[in-house]
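Residues per chain are reported as follows:
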Amino acid sequence: MGRQGRVGAQREAALARGHYVGDANFTPEHLHSMSFQVLQLHAMRPRRVLEVGVGNGFVSTFLRQAGIEVVTADINPGLGADLCAPLDQLPALLAGESFDVVSCCEVLEHIPFEQFGAQLDALRALAPRAFISLPGHFPWLGLAGRLGIHNRFINVALGLRIPCRRRLTDGHYWEIASHWRTRRSALEAAMRERWGAVDSGVFPLHRYHYYFRCGGGAPA
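The shown structure was predicted, so the numbers you read here are calculated from the model rather than taken from an experiment.

Comments concerning the overall build of the chain
Here's step 1: Within the chain one finds seven helices and nine strands.
Here's step 2: By the compact-globule yardstick of 17 Å for 220 residues, the chain fits well, its C-alpha radius of gyration being 17 Å.
Here's step 3: Within the span of the chain, comprising 220 residues, buried residues form 44% of the whole.
Here's step 4: Put simply, 63% of the contacts in the chain that link residues at least 6 apart link residues at least 24 apart.

What about the side chain of serine 33?
Here's step 1: Within the secondary structure, serine 33 is located in helix α3 (residues 28–43).
Here's step 2: On the basis of relative accessibility, which here comes to 2%, the residue serine 33 falls in the buried class.

Things to note about the pattern of salt bridges
Here's step 1: Scanning the model with the defined rule gives 12 salt bridges in all.
Here's step 2: Connected through salt bridges with shared partners, the residues Arg48, Glu69 and Glu97 form a single ionic network.

Concerning the environment of glutamine 37
Here's step 1: With respect to the helices, strands and loops of the structure, glutamine 37 is situated in helix α3.
Here's step 2: Glutamine 37 sits in the buried class, given a relative accessible area of 9%.
Here's step 3: The sequence separation of glutamine 37 and phenylalanine 153 amounts to 116 residues, and the corresponding C-alpha distance is 19 Å.
Here's step 4: Among all residues touching glutamine 37, those that are not within four sequence positions of it are Val59, Cys105, Phe131 and Phe203.

Rules used in this analysis
Residues numbered from 1 in each chain as written. Predicted model: local features only at pLDDT ≥ 70, side-chain atom pairs only at ≥ 80, totals over all residues. Heavy atoms only, no water. Helix = DSSP H or I, 4+ residues; strand = E, 2+ residues; numbered from the N terminus. Rg over C-alpha atoms; globule rule 2.2 N^0.38 Å. Buried < 20%, exposed > 50% of the residue type's maximum accessible area, 1.4 Å probe, protein only. Contact = heavy atoms within 4.5 Å. Salt bridge = Lys/Arg side-chain N within 4 Å of Asp/Glu carboxyl O.

Below you can see the structure in the form of structure tokens.
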């Protein structure tokens with residue numbers, strides 16, 4: 001799809017742990033993304049979660065401390081995941097295992113889009129529900145924050161997306177709306193072919209990240 005930087009499974013498998021715990025991970029936006037994942041997964045009330053893409057371990061550690069059983073998988077052997085394997089191999093490796101939810105955040109854009117359908121099939125084979133997040137391509141300009149009185153808050157975001165074609169982030173083969181095939185509606189349609197319902201939105205305080213909650217019925 002063009003405009004990629006450095007991409008490939010070999011690159012992802014060789015990234016040093018510092019990539020996931022360095023200064024760039026200590027921004028309010030990045031920390032919000034991880035805490036929002038925890039919030040969403042907790043709201044799904046799972047007893048057992050498979051996390052594909054362990055990253056720095058923030059999400060899995062927090063969920064385990066909350067009493068949720070979490071199995072982690074990643075392609076990078078240096079991240080200490082329970083399983084070191086690509087997504088498409090996990091259904092065979094975990095045959096006979098049962099999970100309530102599979103989490104796959106900021107992973108699928110690191111795989112060529114031609115494999116997107118097959119990767120969704122793998123996720124659907126792993127659990128009846130999924131929580132997926134993906135990056136958006138168009139820059140966002142505006143204000144995002146929390147409006148509150150005492151200890152009651154609501155998320156507020158005012159802004160718009162700027163329709164300009166920028167270079168893809170290193171490691172990304174594609175992003176939401178980086179190509180007509182990767183528009184949000186098309187991704188949701190592909191997910192609905194595997195799950196009966198898909199609810200999507202934008203991370204409240206990090207407008208670069210979109211989420212998709214999949215499940216809730218038989219596929220159409």
